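Single-letter residue listing:
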Amino acid sequence: MVTESLRTSTPTQQAFVLLRTVFTAAPILFGLDKFFNLMTDWPGYLAPWVDDLMPGTAQQFMYVVGVIEIAAGVLVALRPRIGSLVVALWLAGIIVNLLIAANYYDVALRDFGLLVGALALNRLATPDHRAG
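Residues numbered from 1 in each chain as written. Predicted model: local features only at pLDDT ≥ 70, side-chain atom pairs only at ≥ 80, totals over all residues. Heavy atoms only, no water.

Caption draft 1: Summary view of the overall build of the chain. When helices and strands are counted, the chain shows six helices and zero strands. Along its sequence from the N terminus, the chain presents helices and strands in the succession α-α-α-α-α-α. In terms of its C-alpha atoms, the chain occupies a principal-axis envelope of roughly 55 × 35 × 25 Å. Counting only residues that meet the buried cut, the chain has 31% of its 132 residues in that class. Taking all contacts inside the chain whose residues are at least 6 apart in sequence as the whole, residues at least 24 apart take part in 62%. Carbon and sulfur atoms make up 70% of the accessible area of the chain, which amounts to about 8300 Å² in all. (Helix = DSSP H or I, 4+ residues; strand = E, 2+ residues; numbered from the N terminus. Buried < 20%, exposed > 50% of the residue type's maximum accessible area, 1.4 Å probe, protein only. Contact = heavy atoms within 4.5 Å. Areas by Shrake-Rupley, 256 points an atom, 1.4 Å probe, with all protein chains shown as cover.)

Caption draft 2: Summary view of a nonpolar patch on the surface. Judged by side-chain polarity, L29, F30, L32, F35, F36, L38, M39, Y63 and V67 come together as a nonpolar surface patch covering roughly 900 Å² of accessible area. At the level of elements, α2 (11-33) and α4 (58-78) are the ones that each hand at least two residues to the nonpolar patch. Ranked by the residues each element gives to the nonpolar patch, the list is headed by α2, at three residues. By the element assignment, F30 lies in helix α2. (Patch = residues over 30% accessible without salt bridge, like charges linked within 9 Å, V, L, I, M, F, W, Y side chains within 5 Å. Salt bridge = Lys/Arg side-chain N within 4 Å of Asp/Glu carboxyl O.)

Caption draft 3: The arrangement of unusual backbone geometry in detail. A positive phi angle is found at N37, which is not glycine, with a value near 55 degrees. By the element assignment, N37 lies in the loop between α2 and α3 (48-53). Classification of N37 by relative accessible area gives partly exposed; the value is 24%.

Caption draft 4: A look at the packing of aromatic side chains. Within the structure shown, the criterion is met by four aromatic pairs. A ring pair is formed by F30 and W42, whose centres lie 5.9 Å apart and whose planes are at 80 degrees; its orientation type is edge-to-face. Note that F30 is positioned in helix α2 and W42 in the loop between α2 and α3, a separation of twelve residues in sequence. Residue classification places F30 among the partly exposed residues on the basis of a relative accessible area of 31%. You can call W42 buried: its relative accessible area is 14%. (Phe/Tyr/Trp six-rings, centres within 6.5 Å; stacked < 30°, edge-to-face > 60°.)

Caption draft 5: Representation of the nonpolar core. Counting residues in each nonpolar core, the largest one holds 15 residues, and the members touching the most others are F23, V76, V87, L115, A118 and L121. Ranked by residue count, the leading element in this core is helix α6 (residues 105-125), at six residues. With residues up to four places along the chain from it excluded, the contact list for A118 reads F23, S84, V87 and A88. By size, the runner-up hydrophobic cluster in this structure holds eight residues, among which are W42, A47, A58 and V65. (Core = buried A, V, L, I, M, F, W, Y, C linked by side-chain atoms within 4.5 Å.)

Here it is, written out as structure tokens:
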């Protein structure tokens, strides 16, 4: 059921709500899954050289990643203009990791699409300061 305010809002406002919702929920859900590995084996996506640089195990590193992703999702919910840029930068880092790890080019391309969506959310969350 669509709320009255969403039905009467402009397409721009609707796009903002959709992107804000997705970029709040997705990082939180992916972050939570870093603790449970239900969707996939997250440590398997970590480039070996990153694993070698980090103290502890790849799974322990994923716990840190999970906390950061949850925080990014909450930031998008509270401050979408700033949170969207944090998510975009985070996705850029993930893309670099996936390209270096090799064999994950399809996921890197998908994440590039998400990065563009995060940047679109940023533009929609930025007030228009043009004069008159």
